[in-house]
Amino acid sequence: SVSLVFEGDWIQNFDGHGGLVQTMNCDQSRNSIAVGCHLLEGAICHLLRHCGDEARRFATCEHEYRPTSTALDLARVVLAFAKGSWESSFLFANLDSVAMLGITASAIMIARYGAPSLPRSIFLT
């Protein structure tokens, strides 16, 4: 077996490595301390850049590790899903009815139990 281990990749410390263990420099460490050199795509491009491909099997190899961009894309997808779920929900479709129900229930509770008292500090500031 062959293991490629990057210097500064702290994730590799959680595994045992048998057979041939080759240590390589990390050229993505400026992008992320966490896993900038741990991904396989980065390792393949690193090998092609530094060792070459004499048989010319690869025209080019580009790998850009951008965790912030990926996190933002994921957040956009989650928000779009949440918005779509909300807009297709019963509450959104009947929002005016739901609001009227809430106002009516509040009015009944106030009429029965009285309005809640507010802390004095609200009026003193």
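**Q** Just checking my understanding: could you explain the overall build of the protein chain for this structure?
**A** Across its full length, the protein chain carries five helices and two strands. In the protein chain, which comprises 125 residues, the share counted as buried stands at 14%.

**Q** So what exactly am I meant to see when it comes to the confidence of the model for the protein chain here?
**A** Interpretation of the predicted coordinates at a detailed level should be avoided for regions scoring low in pLDDT. Summary statistics for the protein chain give a mean pLDDT of 78 and a share of 84% for residues scoring 70 or more. Per-element averaging of pLDDT across the protein chain places helix H5 (residues 121–124) at the bottom with 61 and helix H4 (residues 95–113) at the top with 86.

**Q** Sorry, what's going on with H4 here?
**A** The α-helix advances 3.6 residues per turn, and as a result positions three or four apart in sequence lie on the same side. With 19 residues, H4 should cover 27 Å at 1.5 Å per step; its first-to-last C-alpha distance of 27 Å lies within 8% of that length. Remark: Gly-114 follows H4 within two positions and exhibits a positive phi of approximately 90°.

**Q** Looking at this model, I keep getting lost on the pattern of salt bridges. Mind explaining?
**A** Here the idea is simple: oppositely charged side chains can pair when their charged atoms come close. Inspection of every chain in the model, using the stated rule, returns three salt bridges. With a shortest N-O distance of 3.0 Å, Arg-76 and Asp-73 are connected by a salt bridge. In this pair, Arg-76 and Asp-73 both sit in helix H2 (residues 67–87), three residues apart, roughly one turn of the helix. The exposure class assigned to Arg-76 is exposed, which follows from its relative accessible area of 54%.

**Q** Looking at this structure, how should I read a nonpolar patch on the surface?
**A** Judged by side-chain polarity, Trp-86, Phe-90, Leu-91, Phe-92 and Leu-95 come together as a nonpolar surface patch covering roughly 510 Å² of accessible area. Sorting elements by how many residues they give to the nonpolar patch places helix H3 (residues 90–93) first, with three residues. Along the chain, Leu-91 turns up in helix H3.

**Q** I keep staring at the environment of Gly-8 and nothing clicks. Help me out?
**A** Mapped onto the elements of the fold, Gly-8 is located in the loop between strand S1 (2–6) and strand S2 (20–24). Taking relative accessible area as the criterion, Gly-8 reaches 72% and is therefore assigned exposed. For Gly-8 and His-38, which are 30 residues apart along the polypeptide, the C-alpha to C-alpha distance reads 9.6 Å.

**Q** For this particular structure, what's the right way to read the side chain of His-46?
**A** If you trace the backbone, His-46 turns up in helix H1 (residues 40–51). For His-46, a relative accessible area of 7% puts it in the buried group. Discounting residues that sit within four places of it in the chain, His-46 has contacts with Phe-6, Met-24, Asn-25 and Asp-27.

Criteria and cut-off values
Residues numbered from 1 in each chain as written. Predicted model: local features only at pLDDT ≥ 70, side-chain atom pairs only at ≥ 80, totals over all residues. Heavy atoms only, no water. Helix = DSSP H or I, 4+ residues; strand = E, 2+ residues; numbered from the N terminus. Buried < 20%, exposed > 50% of the residue type's maximum accessible area, 1.4 Å probe, protein only. pLDDT = per-residue confidence, 0-100. Expected span 1.5 Å × (residues − 1). Salt bridge = Lys/Arg side-chain N within 4 Å of Asp/Glu carboxyl O. Patch = residues over 30% accessible without salt bridge, like charges linked within 9 Å, V, L, I, M, F, W, Y side chains within 5 Å. Areas by Shrake-Rupley, 256 points an atom, 1.4 Å probe, with all protein chains shown as cover. Contact = heavy atoms within 4.5 Å.

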